[in-house]
Amino acid sequence: MSQQRDLPESMAWRVIGRLESGQTQRSVADAVGVARSVVARLWNRFQETGNVRRRPGAGRPRSTTSTDDRYIQLTARRNRTENATQLKRQ
């Protein structure tokens, strides 16, 4: 299975600069070390939006805040410790 890893924005702008200077997608992909399809998608995104940033993904909105997440983590850690202590006593 492939891993999805975003190209850093600074690198993406370098790719766009090379393409605008007249280099081929294949030569840019070889120079940067990514697949040609990555360069092609980046170029298409730049032509459509004028930017190299990805659009936000679709999905369900978050239902917890970062404060809620922190509370859940602390509670789970405390419960795990308490349960381990109870098991030692048995």
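This structure is a prediction, so every number in the text was calculated from the model and none was measured.

Cut-offs used in this document
Residues numbered from 1 in each chain as written. Predicted model: local features only at pLDDT ≥ 70, side-chain atom pairs only at ≥ 80, totals over all residues. Heavy atoms only, no water. Axes fitted to C-alpha atoms, helices over the stretch in contact; angles between N-to-C directions. Helix = DSSP H or I, 4+ residues; strand = E, 2+ residues; numbered from the N terminus. Parallel < 35°, antiparallel > 145°, perpendicular 65-115°, else oblique. Contact = heavy atoms within 4.5 Å. Nonpolar A, V, L, I, M, F, W, Y, C, P; charged D, E, K, R; others polar. Expected span 1.5 Å × (residues − 1). Buried < 20%, exposed > 50% of the residue type's maximum accessible area, 1.4 Å probe, protein only. Arc of directions from axis to C-beta. Polar contact = N/O pair within 3.5 Å; in protein donor to acceptor, adjacent residues only side chain to side chain. Phe/Tyr/Trp six-rings, centres within 6.5 Å; stacked < 30°, edge-to-face > 60°. Salt bridge = Lys/Arg side-chain N within 4 Å of Asp/Glu carboxyl O.

Trainee: Any details on the packing of helix H1 (residues 9–20) against helix H3 (residues 36–49)? Residues and values, ideally.
Mentor: Put simply, H1 and H3 touch, their axes get as near as 10 Å, and they point 85 degrees apart. Regarding the angle of H1 to H3, the classification is roughly perpendicular. Packed against H1, whose contacting residues are Ala12, Trp13, Val15, Ile16, Leu19 and Glu20, the element H3 presents Val39, Leu42, Trp43 and Phe46 at the interface. Residue classes in the contact of H1 with H3 are distributed as nine nonpolar, no polar and one charged.

Trainee: Give me the lowdown on H1, citing residues and values where you can.
Mentor: Between its first and last C-alpha, H1 extends 16 Å over 12 residues, near the 16 Å set by a 1.5 Å rise per residue. The set of residues buried in H1 consists of Ala12, Val15, Ile16 and Leu19. Down the axis of H1, the sector holding all buried residues measures 95 degrees, keeping them to one side. Residue Gly22 follows H1 closely and has a positive phi angle near 110 degrees.

Trainee: Let's hear about the side chain of Thr75: which residues, and what values?
Mentor: Mapped onto the fold, Thr75 is located in helix H4 (residues 66–89). According to the relative accessible area criterion, Thr75 is buried, its value standing at 18%. At a separation of 2.8 Å, a polar atom in the side chain of Thr75 contacts the main-chain carbonyl oxygen of Tyr71.

Trainee: An account of the packing of aromatic side chains is needed here, citing residue identities and associated values.
Mentor: Using the criterion set out here, one finds two aromatic pairs in the structure. Between the aromatic rings of Trp13 and Phe46, the centroid separation amounts to 5.8 Å while the plane-to-plane angle is 85 degrees, which identifies the pairing as edge-to-face. Taken together, the residues span a long stretch of sequence, with Trp13 in helix H1 and Phe46 in helix H3 at a distance of 33 residues. Given a relative accessible area of 35%, Trp13 falls into the partly exposed group. The rings of Trp13, Trp43 and Phe46 are connected pair by pair, giving a single aromatic cluster.

Trainee: Could you give me a rundown of the pattern of salt bridges, with the residues and numbers involved?
Mentor: If you walk through the whole model with that rule in mind, you get two salt bridges. Of the charged contacts, one joins Glu9 and Arg53 as a salt bridge, the two residues approaching to 3.2 Å between their closest N and O atoms. A residue pair is termed long-range when its members are at least 10 positions apart, and Glu9 in helix H1 and Arg53 in the loop between H3 and H4 qualify at 44 residues. Judged by relative accessible area, which is 53%, Arg53 ranks as exposed. When the shortest N-O distance is used, the salt bridge between Asp69 and Arg62 registers 2.3 Å. The partly exposed category is assigned to Asp69, whose relative accessible area is 26%.

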